[in-house]
Amino acid sequence: MDFEIAPEDQAFRAEVRAFIAAQLPPDIARRGQHDYHSARDDVRRWMRILNTKGWSAPHWPARFGGTDWSPLRKYIFQDELRRARAPVLDRCALDLLGPVLCTFGSPEQQARFLPPILNGDAWWNQGFSEPGSGSDLASLRTRADLEGDHYIVNGQKIWTSEAHYGDWIFALVRTDQTAKPQAGISFLLIDMKSPGIVRRPIWSIDEGLSLNEIFFDNVRVPAENLVGEPGQGWSYAKFLLTHERTTSAVVSHTKRDVDQVRHLAAAARSGSGVLLDDPAFAAKLARLEAEVIALEWSVMRVLHAAENDAAGNAVASLLKLRGSELSERAALLAAEALGDHGLAVMPDPEGNHILHHDGLSPGLTDDEAIGVSAKAMFRRATTIYGGASEIQRTLIAKSILGL
Amino acid sequence: MDFEIAPEDQAFRAEVRAFIAAQLPPDIARRGQHDYHSARDDVRRWMRILNTKGWSAPHWPARFGGTDWSPLRKYIFQDELRRARAPVLDRCALDLLGPVLCTFGSPEQQARFLPPILNGDAWWNQGFSEPGSGSDLASLRTRADLEGDHYIVNGQKIWTSEAHYGDWIFALVRTDQTAKPQAGISFLLIDMKSPGIVRRPIWSIDEGLSLNEIFFDNVRVPAENLVGEPGQGWSYAKFLLTHERTTSAVVSHTKRDVDQVRHLAAAARSGSGVLLDDPAFAAKLARLEAEVIALEWSVMRVLHAAENDAAGNAVASLLKLRGSELSERAALLAAEALGDHGLAVMPDPEGNHILHHDGLSPGLTDDEAIGVSAKAMFRRATTIYGGASEIQRTLIAKSILGL
Amino acid sequence: MDFNLTSEQEALADSVARFTARDYTFEARNRLIGEGTGLDKRHWQAFADLGWLGAGLAEDAGGYGGGPVENMIIMEGFGRALVLEPFLPVALVAVQTLAALPPSTLRDMLIAEIVAGDAIVAVAHGEIAARGAPDYVETVYEGSRITGAKSMVIGGHAASRLIVSARSPEGLGLYLVDPAASGISTRHYRLLDNQHAVDLAFENAPVLETLARPGEGEAVIAAGLAHGLVGVSAEAVGAMDAAIRMTRDYITTRRQFGTTLSTFQTLQHRMADMLVEMELSRSILYQGIASLGQSGVQCTRALAAMKAIVSSAALFVGRNAVQLHGGIGMTEEYAIGHYYRRLFVISGQFGGESLHLKTMAGLSQSFWTEPTSRPSPIMA
Amino acid sequence: MDFNLTSEQEALADSVARFTARDYTFEARNRLIGEGTGLDKRHWQAFADLGWLGAGLAEDAGGYGGGPVENMIIMEGFGRALVLEPFLPVALVAVQTLAALPPSTLRDMLIAEIVAGDAIVAVAHGEIAARGAPDYVETVYEGSRITGAKSMVIGGHAASRLIVSARSPEGLGLYLVDPAASGISTRHYRLLDNQHAVDLAFENAPVLETLARPGEGEAVIAAGLAHGLVGVSAEAVGAMDAAIRMTRDYITTRRQFGTTLSTFQTLQHRMADMLVEMELSRSILYQGIASLGQSGVQCTRALAAMKAIVSSAALFVGRNAVQLHGGIGMTEEYAIGHYYRRLFVISGQFGGESLHLKTMAGLSQSFWTEPTSRPSPIMA
């Protein structure tokens, strides 16, 4: 056993940090301080910069434009991006679709779809959830019927993140109505400009827009856009959900949030002093910090565990459960740090993410404070999406404890 | 609505307080400060003093030696007993058996069994739980077979509190093997001196003795000792468990414990100051205190609610659930206040409650500190006995929320 | 003690329920949010016409003879319906602050105007650095002018008059101020629950009248805040109760994995815990009301305990109501999220759990302290 | 980084498991408790013979070349079996305190005697008012004499020598003391988990030798305590893991309401949470070990975070292990209650959660602070 990070990996971190510091455009960096979803243009610009360095998708195989970094280095890279508050990239394309295409896609699909992702040109959405299917994906009903060399897609997807940006969507669709629920599902790539697609924004309780509903009405999709084998969609979905075992911990995000809370609390007046010196608040922050440390070291264990290592799997299972809880707690604590203003709606100064265009704002000037209350509200979703905490506990009880 | 306590009730409290102050023997009062189960002799002496005043069993009907006090006054009386740390009386006899005998007992049973209870002469045990029945009472197996004018009792009871003191036991026994599980159960009074009874002490994790196992081997019990109708034992048990809807909150005990924590923390050194001035500890204590206030006012609501009032029942359901949690938390906080010594075994200076007679002790001299760590351990049981917290939550979900 | 509503109180509760059922459907409320002021003048007139603006005020102070129980009934009903108008800051905090002043023509006139619905008066007392602590005031009164800043004055955007607290060497005073006066700048914003509030900056701003002289303001403002704490706690109880019922109804109908969500034991137990939090909040709310007639220290402890419990319960119930709804609970278009937003704001309003625990810690009262003969009751 | 045991470490873990399986059955442990010292001389000799007393010590300091990982392996195994002997205070705290001293004949001799099992040396550092804080020492060293009091010296009842920390104007010094010397009174007691400890009172007690001069003791004692913190956390992980397995086995066999307890979803989820607490404790334990090579502040923060997590996890797992067992979990004669008792003591040992959160709060480190070039590593 050796728990030290090797000097080469520390040097790698320094290299990444220096690159970001030099290359991240200042205006994007400033917007990154705000707790809003990254703007489409910022993501595109930043992806192109990363692409010039070959760092758009480090976790893809090198032959598809990725790298051969170790799991630890891939983690360090993401960690430094979060530290710098670089734009949050198109995770659906990079983390979900990319690995599936690299593994199961045809050479034509790989050649056609992967490069635009690397260059930030195509934004992808994930079309899994449907109304009524929630955490129970096998019950999905969107159908794709083969007619000649096209699938005709009908149905509805929901909770589609960033679909208002989306150029393409990879969707689970039912191509065989007679097979068992999980066996009739295929993995289909659909151009969002196709006739018959309607998007409906779902404003969320933070008054922000990231979720959408998508309706498919006789949408024609070329049969060549089906990935892998028909009826294998379920196994590809499971592949992508387990492929990245540590992302759901969002630990680098939460580390950044803890630092943010400290920054805000050091500036927040509390009586004649500052909030960071209030023992009760400081203890809450310290507790959060300790839990985040424990989470990060759990990530380290998973990064270094073999794929089929039982202990590694056990630890991986807790990452989403606790990572999501800490993510929300960090956001709530940031709002608490702002006191009265943490209870207020703070519109994005760039004019995005506005449901009610009333121009009202408490007028915070600290970039770190902007959007904090929206984040506190939005993070309520963390323990719901991607398998609710209740589902995670059942998984842990059954798969690890054998209950 | 009126939330003020009437002046007459406040005067009543003052009267009770004055009586206890004048009558509680100093040696008993001092032992009352220790967090150990009350000694049999202390209970007997104190019951006789209360009996001279007619206050042994205020909640019994007046014609059986009780009082016609309002529910609030009965509560105030118990509250003042706890405030003074008077001995904890034989609750099985007073709260459980008494009401059953007053309601369902024959005149002969009432005349024979009630007066010795009032005078502290007879100590009663409750014989409900059995190995394997736990929270599932209907599955009990101890049988009583009628032979002539005697029942022959065979079986085993467990978790019998204070059975090492017991003169008599009221037990649920199966008198009809053919009836449905709950219908074949009767309520039988058994003299603990009967041949065929063996008691086995069960030392608990506080190294104290309050629990016992009782084995019945062909124990002959006169048929006249069966209370009410054969086969009605289940309904009597339900009657007694719901008769006192507020006792399970143990709120006066916990109030006393909160004051104890404050006392200990004011004396406990912490660096160059005292623990009570440590903001983190003070906040924990304040949180506990606030929850106890909420619990006590929940008790008030139940005391003033009609028996069949749905809202009152809803509140009554939470009393055991939260009362037990707070009871343990108060004990844990008292142990924490003692620092290193809260981790130590503290033998009762009177020589009772000792499992390992090794004479070792951290030598605390504050009567309020003695037994604190034992209490912290013993209170682990509060959320288990009398219907575990998990059972209580299910009851609330089903009976109040209709889930 | 009597925990039952009188017939008049029943009638008041019914009246509130009828009003909200008719005028405060979720759709109607959404329309009001869209209008951008959080205040419908017809609603406000209805509050006046129905007597609610003076329902919790003694007759000799210009009210309709009720007290904190009447306020509780209204606020609980408003909590159930997520009423947006600044009833609490005006009809509870401002009115009870005024009522704690010695009688005077000015005081009586202000109360009469508020009760009639003709004036909206808000109390500008809290400051950003106070974080809810009632006794921390930096704003200064000197030479008939006020300089300083006040934070999150709910309803302040609609107020024709402000009651401003400010410090002098002799102590806290209260001043009547015209928000349109020179030297006052206003920042209007929306809270997460769609209530409207303002931050105010005073730079040598003139006062119209002195309401409480320096050193006399502390007790007066404490009385107003005490009613505010009770009112917001009652509102929380109403909102929690409604959120729990809504969640119960949702999980008993929503099907997943071939059954309704309500059959899952962990969800049942979560709902039991939510119910417990709500009922404990209601219990300690009653205690808070009882404390309004008690001496200063006892009242301070009681209200701090109340708000500490209510703050944490509000967050717990609100968060879990969304959790049990799943994705739909996160949407603007579904009601439960708005309950969470209201409960979130309530959790921090008048100070959060930490502040009130700190207040309690500073008092160290035994549970059995004799109620003394009420030396300094917090309300008249 | 490598999270796998080396083959030597695997062998050590197997060796510990074999020893505890043979010598530390629950019945054997109960017999040892009955004997009343918490120390079986044959066990201690076995620890020496198996090389465990020096397993975590570098060769040049007189050990067998291992480090904190070896200590972790032993302590985790001891935690699983609830070993009673004062291995942690002697082989970790005392040995590592000595190892942090500059080499000297005396130091090397003491280490050699401990490693050989010939001497039991305990560190008398904690004081009742310190509540676990490592830097609070009132005990005074003046004129070659010690006056003051030390609290909960685990294993102190069996120690032939004590390392006592005491304050002089120049700072903290460490002194070798004969516990039988004049001026020392000892109070021997048992902890709730059946470990034995002593409180010591010094009244002008003589010292045998000065180990660290005034002002040089702080860093030395910090090194010993750091290893103690890591060791007790490893012990907690072992005890939690064993308690979780035991509880899992119990609820999968125990029947109630016509089914096994393990079919109830709330119990499944509780067990999941218990497992999560244990795994997070293990993760942060690794972090704690990694920190031993880092600079003072980073190490202090890391160890405080570790113990804060472990303290609360130990209580949570211990309490719920008993809860899920029901009544039988409360009995002395059943093993799970002893796990709770051990985990309860661990939770408070070397300071509880509150203390360590306070320590962290005083540091305010960013997560991305660059590891500097190790200016003042906590261990040699």
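Everything numeric in this text was worked out from a predicted model, so none of it was measured.

### What to know about the domain arrangement of chain C
Residue and element names in this part refer to chain C. Under the domain assignment used here, chain C contains domain 1 (7-115), domain 2 (121-213) and domain 3 (218-361). Computed over C-alpha atoms, the centres of domain 1 and domain 2 are 22 Å apart. Contacts between the two partners involve 18 residues from domain 1, matched on the other side by 16 residues from domain 2. With both sides pooled, the region where domain 1 packs onto domain 2 buries about 1400 Å², and carbon together with sulfur makes up 75% of that total. The interface formed by domain 1 and domain 2 contains two residue pairs in polar contact (both at pLDDT 80 or more). Taken together, the elements giving at least two residues each to the side of domain 1 that touches domain 2 come down to helix 2 (26-35), helix 5 (87-99) and helix 6 (105-115). It is helix 5 that provides the largest number of residues to the side of domain 1 that touches domain 2, a total of six residues. Its residues assigned to classes, the side of domain 1 that touches domain 2 comprises 13 nonpolar, four polar and one charged.

### Observations regarding unusual backbone geometry
Residue and element names in this part refer to chain C. Here Ser144, not a glycine, exhibits a phi torsion of approximately 65°, which is positive. Structurally, the position occupied by Ser144 is in the loop between strand 2 (140-142) and strand 3 (145-154). Residue classification places Ser144 among the partly exposed positions, given a relative accessible area of 42%.

### Some thoughts on the interface of chain B and chain D
Each side of the interface is counted separately: chain B has 53 residues, and chain D has 45 residues. The junction of chain B with chain D conceals about 4100 Å² of combined surface from both sides, 56% of it contributed by carbon and sulfur atoms. Area buried by chain B at its contact with chain D is led by Ile205, Asp340 and Leu343 of chain B, which between them contribute 17% of it. The tally of links between chain B and chain D comes to eight salt bridges. Where chain B touches chain D, the interface holds 26 residue pairs in polar contact (both at pLDDT 80 or more). When contributions to the side of chain B that touches chain D are tallied by element, the ones reaching two or more residues are strand 6 (197-203), strand 8 (269-270), helix 9 (279-303), helix 10 (310-337), helix 11 (372-378) and helix 12 (389-400) of chain B. For the side of chain B that touches chain D, the element with the most residues is helix 10 of chain B, which contributes five residues.

### Brief notes about empty space enclosed by the protein
Taken as a whole and assessed by the stated rule, the structure comprises nine cavities of 30 Å³ or more. Within this model, the largest cavity holds a volume of roughly 120 Å³. Taken together, 16 residues form the lining of the largest cavity, with Glu207, Val345, Met346, Pro347 and His353 of chain B sitting closest to its centre. Grouping the constituent residues of the lining of the largest cavity by class yields nine nonpolar, three polar and four charged. Lining the second largest cavity, in full, are Met75, Phe78, Val83, Glu85, Phe87, Leu88, Pro89, Gln195, Glu235, Arg342 and Gln349 of chain D. Every element with two or more residues in the lining of the second largest cavity is listed here: helix 4 (68-81) and helix 5 (87-99) of chain D. For the lining of the second largest cavity, the class distribution of residues is six nonpolar, two polar and three charged.

### Digging into the domain arrangement of chain A
All names here are of chain A. On domain assignment, one finds that chain A holds domain 1 (7-89), domain 2 (124-231) and domain 3 (245-400). Summing the contributions of domain 2 and of domain 3, the shared interface buries around 870 Å²; its carbon and sulfur component is 67%. Broken down residue by residue, the surface that domain 2 buries against domain 3 is led by Trp203, Asp206 and Glu207, which jointly contribute 55%. Along the contact surface separating domain 2 from domain 3 lie zero salt bridges. In this structure, the connection of domain 2 to domain 3 is made through zero residue pairs in polar contact (both at pLDDT 80 or more). A class-by-class count of the residues in the side of domain 2 that touches domain 3 yields two nonpolar, three polar and two charged.

### Considerations on the interface of chain C and chain B
At the interface, 50 residues of chain C touch 48 residues of chain B. For the pairing of chain C and chain B, the buried interface totals around 4600 Å² over both sides, and the portion due to carbon and sulfur atoms is 65%. The largest per-residue losses of area from chain C upon contact with chain B belong to Met1, Phe367 and Trp368 of chain C, which jointly make up 22% of the total buried on that side. Counting the contacts that link chain C with chain B gives five salt bridges. Note that Glu279 of chain C is salt-bridged to Arg301 of chain B, the shortest N-O span being 2.7 Å. On the surface where chain C and chain B come into contact, there are 19 residue pairs in polar contact (both at pLDDT 80 or more). Of all the secondary structure elements, the ones that give two or more residues to the side of chain C that touches chain B are helix 4 (68-81), helix 7 (217-253), helix 8 (265-291), helix 9 (296-325) and helix 11 (353-361) of chain C. In the side of chain C that touches chain B, the residues fall into 25 nonpolar, 15 polar and ten charged.

### Overview of the packing of aromatic side chains
For the structure on display, the rule yields 64 aromatic pairs over all chains. With 5.5 Å between their ring centres and 85° between their planes, Phe19 of chain C and Trp52 of chain C make a pair best called edge-to-face. Taken together, the positions of Phe19 of chain C in helix 1 (residues 7-23) and Trp52 of chain C in the loop between helix 3 (41-49) and helix 4 put the pair 33 residues apart, joining distant regions of the chain. One aromatic cluster is present, formed by Phe104, Phe113, Trp124, Phe128, Trp168, Phe170, Phe187, Tyr236 and Phe239 of chain A through successive ring pairs. Cation over ring: Lys53 of chain A sits above Trp55 of chain A, and NZ or CZ is 4.9 Å from the ring centre. Just above the ring of Phe367 of chain D sits the side chain of Arg301 of chain D; from NZ or CZ to the centre is 5.2 Å.

### Points about the state of the cysteines
Within this structure, the stated rule accounts for zero disulfides over all chains. Not engaged in a disulfide, the cysteine Cys102 of chain A finds its nearest cysteine sulfur in Cys92 of chain A; these two sulfurs lie 16 Å apart.

### Observations regarding the side chain of Gln109 of chain A
Residues and elements named next belong to chain A. Take Gln109: it is sitting in helix 6 (residues 107-118). Of the polar contacts made by the side chain of Gln109, one reaches the backbone nitrogen of Ser106; its length is 2.9 Å. One polar contact links the side chain of Gln109 to the main-chain carbonyl oxygen of Leu226, over a distance of 2.9 Å. Excluding anything up to four places from it in sequence, Gln109 contacts Leu101, Leu114, Glu224, Asn225, Leu226 and Val227.

### Digging into the confidence of the model for chain C
Residue and element names in this part refer to chain C. Predicted confidence across chain C gives a mean pLDDT of 95, with 97% of residues reaching 70 or more. Throughout residues 371-380 the model reports pLDDT below 50, and contacts reaching past four residues in sequence, or to other chains, amount to 19 contacts. Overall fold confidence for the complex sits at a pTM of 0.96, while the interface term, ipTM, reaches 0.96.

### A closer look at the nonpolar core
Core analysis: the biggest nonpolar cluster contains 252 residues, and Trp46, Trp124, Phe170, Phe187 and Leu189 of chain A together with Phe87 of chain D have the highest contact counts within it. When residues of this core are assigned to their parent elements, the largest contribution, 17 residues, is made by helix 7 (residues 217-253) of chain D. Those residues in contact with Trp124 of chain A, other than ones at most four positions away along the chain, are Asp90, Cys92, Ala93, Leu97, Phe113, Ile117, Trp168, Ile169, Phe170 and Leu189 of chain A. Residues Ala29, Ala268 and Ala294 of chain B together with Val83 of chain C belong to the second largest nonpolar core, which totals 250 residues.

Rules behind the numbers
- Residues numbered from 1 in each chain as written.
- Chains lettered and ligands numbered in written order.
- Predicted model: local features only at pLDDT ≥ 70, side-chain atom pairs only at ≥ 80, totals over all residues.
- Heavy atoms only, no water.
- Domains from an automatic or database assignment.
- Contact = heavy atoms within 4.5 Å.
- Buried area = accessible area lost by both parts, 1.4 Å probe.
- Polar contact = N/O pair within 3.5 Å; in protein donor to acceptor, adjacent residues only side chain to side chain.
- Helix = DSSP H or I, 4+ residues; strand = E, 2+ residues; numbered from the N terminus.
- Nonpolar A, V, L, I, M, F, W, Y, C, P; charged D, E, K, R; others polar.
- Buried < 20%, exposed > 50% of the residue type's maximum accessible area, 1.4 Å probe, protein only.
- Salt bridge = Lys/Arg side-chain N within 4 Å of Asp/Glu carboxyl O.
- 1 Å grid on protein atoms, 1.4 Å probe; cavity = no way out; pocket = protein on both sides within 12 Å on 5 of 7 lines; lining within 4 Å.
- Points joined across faces, edges and corners; volume = space filled by probe spheres on them.
- Phe/Tyr/Trp six-rings, centres within 6.5 Å; stacked < 30°, edge-to-face > 60°.
- Lys NZ or Arg CZ within 6 Å of the ring centre and 35° of its normal.
- Disulfide = S-S within 2.5 Å.
- pLDDT = per-residue confidence, 0-100.
- Core = buried A, V, L, I, M, F, W, Y, C linked by side-chain atoms within 4.5 Å.

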